Amino acid sequence: MATIRQLRRRIQSVKNTAKITNALQLVAASKMRRAQDRALQARPYSEKLRAVIGGLAAATVDPEKPAHPLLTVREGNNVGLLHITPDRGLCGGLNSNLNRSAGTFVATSRNPVDVIAVGKKGRDFFVRSRVNVVAEFTDLGDYPGAAQVAPIARLVIDDYLAGVFDRVYISYPEFVSTATQRPVIRQLLPIEPPTSEDESQGESTFAQDYIFEPSPEEVLAQLLPRYVEMQIYEAVLQNAASFQSAQMVAMKNATDNANEITRELTLTYNKARQEQITKELLDIVGGAAALEG
Amino acid sequence: MPLTVELITAERVVRVEQGVDALIVPGAEGQLAIYPKHAALMTTLEPGEMVIRRAGQEEAFVVTGGFLEVRNDHVTILADASEAAEEIDIARAEEARRRAEERIRRFREQADRDVDLARAQAALQRALLRLRVAEQRRRRTTGRPQV
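Owing to the predicted nature of the structure, the values given are computational and were not obtained by experimental measurement. (Residues numbered from 1 in each chain as written. Chains lettered and ligands numbered in written order. Predicted model: local features only at pLDDT ≥ 70, side-chain atom pairs only at ≥ 80, totals over all residues.)

Engineer: How do you make sense of the overall build of chain B when you look at a structure like this?
Structural biologist: For chain B, the helix and strand inventory stands at two helices and 10 strands. For chain B, the succession of helices and strands along the chain, N to C, is β-β-β-β-β-β-β-β-β-β-α-α. Each principal axis of the C-alpha distribution contributes one length, and for chain B these read about 60 × 40 × 25 Å. Taken across its 147 residues, chain B has 29% of its residues classed as buried. In chain B, the proportion of contacts linking residues at least 24 apart, taken out of those at least 6 apart, comes to 52%. (Helix = DSSP H or I, 4+ residues; strand = E, 2+ residues; numbered from the N terminus. Buried ≥ 20, exposed ≤ 12 C-beta atoms within 10 Å, placed from the backbone. Contact = placed C-beta atoms within 7 Å.)

Below you can see the structure in the form of structure tokens.
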């Protein structure tokens, strides 16, 4: 049984922890809203781009003879993994889930995988597990902009075109809801043209319907790098939103737990205090009785 | 039927405008004006000024490149970066111009082989474009009284 003084100290320490976690929770909650807004604002652009590329690729691309190197499936076995994670922790299981998913991917791949890390947590994980990290991008901030993603996209595309990688995958947390973030790994390069379901009946006539300037091939050649960039940008935004949400939830749980412990400790403390007072009273009464007697 | 214009970047929706009479954009094959009933068109855009004309009024935007699609009087512009003329941060554009000029100068003097000349020139072009569009707008709004 702890002494009264120890209990008091313990209660104070738990309360201080609760203050910190509560503050972090509030900060994460407000940042989360903005991060989610930004993820939503990117959607009109990405949907439009997807629809255009889907239609254009279906119309101009002959699977036997792809129209653009970014669409060409190659035989080689140099695999790259663009691993996107938060920079910081205190966000529950988010980082370990992401790293486990990416780690399994690397471990089960038939070919050796080189990692391009975006975010410190993923970089540290792969450096620790002695996987080759060829490039790293950290400190993108709470609200990463499209300009910060451009160098990442340029590196990935250049390496792919130069034959450093024959396939590139992207790993990031898919933002499902505030409570749920799911680690996803998808192929980034070569581009698998998106199939636009809603325009499926119009696909065959897509290219004939439009006037292209300068030419369909030229438009496609300019659209495809944008498409890669946009996919990375979306992943980075979802990563930011996921991080803030996960941190908010983790910190809310921590605050709740701290409050619960404070409640229990206070109860024990009061009981111990009560007991001691009773004991002291008995001593006084006993002493007085002895004097009288 | 007038045009509906959507100006979108990866980061945000810059403007959605309905009832547009005409749209002037910097197309890949030169300046391009789009009026209602334009044929379906898909083109790449060069860095330049885009003007939306509506009810006798003009509004200018900067577009640093991208794509434009016209279909059924609906125009979608997927811009790499874009802002309305009054949103342009002149101080930031000046700073960008100074930086780009510095990079080009270093390249010319062979002092720094790491400078990517093409990128520096593109950055300079964007900065000058922003300054030009912002300047034109200032003159238009303060120079003579609006009719």
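Engineer: How should I be thinking about the environment of Leu155 of chain A in this particular structure?
Structural biologist: If you trace the backbone, Leu155 of chain A turns up in helix 5 (residues 146-161). As for Leu155 of chain A and Ala135 of chain A, which are separated by 20 residues in sequence, their C-alpha atoms are 9.0 Å apart.

Engineer: Help me understand the domain arrangement of chain A in this model?
Structural biologist: Accessible area lost during the coming together of the parts is what is often quoted as the interface size. Assigned domains of chain A: these are domain 1 (4-22 + 251-292) and domain 2 (30-247). Distance from the C-alpha centre of domain 1 of chain A to the C-alpha centre of domain 2 of chain A: 54 Å. (Domains from an automatic or database assignment.)

Engineer: For this particular structure, what's the right way to read the nonpolar core?
Structural biologist: Burial of nonpolar side chains together is a common tendency in soluble globular proteins. Ranked by size, the top nonpolar core spans 92 residues in total, and within it Leu82, Val156, Leu223, Val228, Ile232, Tyr233 and Val236 of chain A carry the most contacts. The greatest single-element share of this core, amounting to 20 residues, is contributed by helix 7 (residues 216-292) of chain A. Contact partners of Leu223 of chain A, with chain neighbours within four places excluded, come to Val52, Ile53 and Leu56 of chain A together with Phe67 of chain B. (Core = buried A, V, L, I, M, F, W, Y, C linked by C-beta atoms within 7 Å.)

Engineer: So what exactly am I meant to see when it comes to helix 1 (residues 4-41) of chain A here?
Structural biologist: Counting along an α-helix, one turn takes 3.6 residues, and residues three or four places apart therefore face a common direction. Residues and elements named next belong to chain A. Here helix 1 spans 56 Å end to end across 38 residues, near enough to the 56 Å set by a 1.5 Å rise per residue. Along helix 1, the residues classified as buried are Val14, Thr21, Ala28, Met32 and Ala35. Looking at the buried residues of helix 1, the elements they touch are helix 7. (Expected span 1.5 Å × (residues − 1).)

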